[in-house]
There are 2 protein chains.
Amino acid sequence: MELAEAKQKFIEAWGKLGSEWGINRTMAQVHALLLISPEALTTEEIMEALSISRGNANMNLRDLIGWGLVEKQHKAGERKEYFFADKDTWNIARQVAKERKKRELDPVLRVLDELSKVKGDEKDIEYKTFNKSVTDINKLAKNVDKTLETMLKAEENWFWGSIFKIFK
Amino acid sequence: MELAEAKQKFIEAWGKLGSEWGINRTMAQVHALLLISPEALTTEEIMEALSISRGNANMNLRDLIGWGLVEKQHKAGERKEYFFADKDTWNIARQVAKERKKRELDPVLRVLDELSKVKGDEKDIEYKTFNKSVTDINKLAKNVDKTLETMLKAEENWFWGSIFKIFK
DNA sequence: TTAAACTTTCAATAAGTTTTGAAAGTTTAA
DNA sequence: TTAAACTTTCAAAACTTATTGAAAGTTTAA
């Protein structure tokens, strides 16, 4: 396979995976493009490479910066802004985990805690079923939360090393 | 808070979380409704509880069965079909992990394996950057894959027990 | 200042996804 | 058989999300 074709496939695969996980396809594609690009790119170059409009490119770059996955760079003597992606896979994974935890898991944990506290008649099967499901899910969500917390603090080697020690 | 209100909140929160993670909001809501329902429900009752059409209810129930999260039940002497959700949180988590692995991770792993094999000039910085990003991501994805495999086989207590032994 | 170079915004539009509901299909019991 | 009870399908409509591109905003250098 040609390098050019391979790059295209990578960008497509990353975009598809993103959209399956609730991340804007174009944002994932811009990220993919920057991941395989040795140099920082301009908005112009990104528009060209992905055939997208200026507004779209700008908005998704902003979002990627918001996710902590991409940084602006300035080159001496140049007006243009350049964009560069952190290429460290472990940093990327942690950054994504951190943002999604903050945006999605934390709010849901707050609701589950609140719902766990709802009191009712222990004889009422409707109440009992509700309460059991909610508290069970709350426990699982808290476990996930703790694991993510640990992951956010961890060094890559330590983290996977520990996981694999368990898993033989 | 009233039980009725709490149920409503749970259904909404579950639906919102689902849609943020690329799962049809209504499907997640139907699942939530069944999770807190002590008895199996008919299509009719689900339509009523969530104010959705017959077609929509039917389609999402089909999908939930496809995800292995819901089962059809037949009651003696009744024509109607009843639907019932597995309430075991660990089973739910494993089932979702299993399906998403199959539908999303496995295909992406195949692409990454293929792209990892692309040969090129080691002096070409374009090639080197592409290759490093792809092989790094491939390694991470394989770690995730192995961890999921283990999780799919594991007993709940064993799994979380082991995880927390590490994470103190 | 000014104006060129560049970035951001946002209303309009396009694209994608979900939902509806009526028609077609299936099953059951008499 | 038949017809009532129920389930499934699917084209059209509604809704949601993403994209465009031109106008407005900002920065820089002369």
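Everything discussed here concerns the structure shown above.
How each quantity is defined
- Residues numbered from 1 in each chain as written.
- Chains lettered and ligands numbered in written order.
- Predicted model: local features only at pLDDT ≥ 70, side-chain atom pairs only at ≥ 80, totals over all residues.
- Heavy atoms only, no water.
- Pairing = 2+ DSSP bridges.
- Helix = DSSP H or I, 4+ residues; strand = E, 2+ residues; numbered from the N terminus.
- Axes fitted to C-alpha atoms, helices over the stretch in contact; angles between N-to-C directions.
- Parallel < 35°, antiparallel > 145°, perpendicular 65-115°, else oblique.
- Left-handed = near helix turned anticlockwise from the far one by under 90°.
- Contact = heavy atoms within 4.5 Å.
- Nonpolar A, V, L, I, M, F, W, Y, C, P; charged D, E, K, R; others polar.
- Near = heavy atom within 4 Å.
- Polar contact = N/O pair within 3.5 Å; in protein donor to acceptor, adjacent residues only side chain to side chain.

Participant: Can you lay out the pairing of strand 2 (residues 70-74) of chain B for me, pointing to particular residues and giving the numbers?
Facilitator: Residues and elements named next belong to chain B. In this structure, strand 2 lies alongside strand 3 (residues 81-85), joined through 5 bridges in antiparallel fashion. Bridge pairing links Lys-72 to Phe-83 in strand 3. Here strand 2 folds back onto strand 3 in antiparallel fashion, the turn holding 6 residues, of which Gly-77 has a positive phi close to 75°.

Participant: A description of the packing of helix 7 (residues 156-166) of chain A against helix 6 (residues 125-153) of chain B should follow, citing residues and the corresponding values.
Facilitator: Running from amino to carboxyl end, helix 7 of chain A crosses helix 6 of chain B at an angle of 30°, the nearest separation of the two axes being 11 Å. In this view, helix 7 of chain A runs roughly parallel relative to helix 6 of chain B, as classed from their interaxial angle. Considering the relative orientation of helix 7 of chain A and helix 6 of chain B, their crossing is left-handed. Seen from helix 7 of chain A, the contacting residues are Trp160(A), Ile163(A) and Phe164(A); seen from helix 6 of chain B, they are Leu140(B), Asn143(B), Val144(B), Lys146(B) and Thr147(B). Split into classes, the residues belonging to the contact of helix 7 of chain A with helix 6 of chain B amount to 5 nonpolar, 2 polar and 1 charged.

Participant: For the sheet that holds strand 2 (residues 70-74) of chain A, give the residues involved together with the corresponding values.
Facilitator: One key point about sheets: their strands pair by backbone hydrogen bonds, in either a parallel or an antiparallel sense. Residues and elements named next belong to chain A. Spatial strand order, 1-3-2: 3 strands in an open sheet with antiparallel pairing. Both outer strands of the open sheet, strand 1 (41-42) and strand 2, are each paired with one neighbouring strand and no more. Of the pairings in the sheet, the one linking strand 1 to strand 3 (residues 81-85) comprises 2 bridges and is antiparallel in character. Within the sheet, the bridge partner assigned to Leu-41 lies in strand 3 and is Phe-83.

Participant: Explain the protein's contact with DNA strand C to me, using residue names and the numbers behind them.
Facilitator: In the vicinity of DNA strand C, 17 residues are found, and the nearest of them are Asn58(A), Arg62(A), Arg79(A), Thr26(B) and Ser53(B). Within 4 Å of the protein, the atoms of DNA strand C are drawn from sugar and phosphate moieties in a proportion of 69%. Between Asn58(A) and DNA strand C, the recorded distance is 2.3 Å, taken from a side-chain N or O atom to a phosphate oxygen. In this structure, Asn24(B) approaches DNA strand C through a side-chain N or O atom, which is 3.4 Å from a phosphate oxygen. Those elements giving two or more residues to the surface near DNA strand C turn out to be helix 4 (54-66) of chain A together with helix 4 (54-66) of chain B.

Participant: Explain the protein's contact with DNA strand D to me, using residue names and the numbers behind them.
Facilitator: Around DNA strand D, the structure places 16 residues, and the nearest of them are Thr26(A), Ser53(A), Asn58(B), Arg62(B) and Arg79(B). The share of sugar and phosphate among atoms of DNA strand D within 4 Å of the protein is 72%. In the model, a phosphate oxygen of DNA strand D is placed 3.1 Å from a nitrogen or oxygen of the Glu81(B) main chain. Elements that contribute at least two residues to the surface near DNA strand D include exactly helix 4 of chain A together with helix 4 of chain B.

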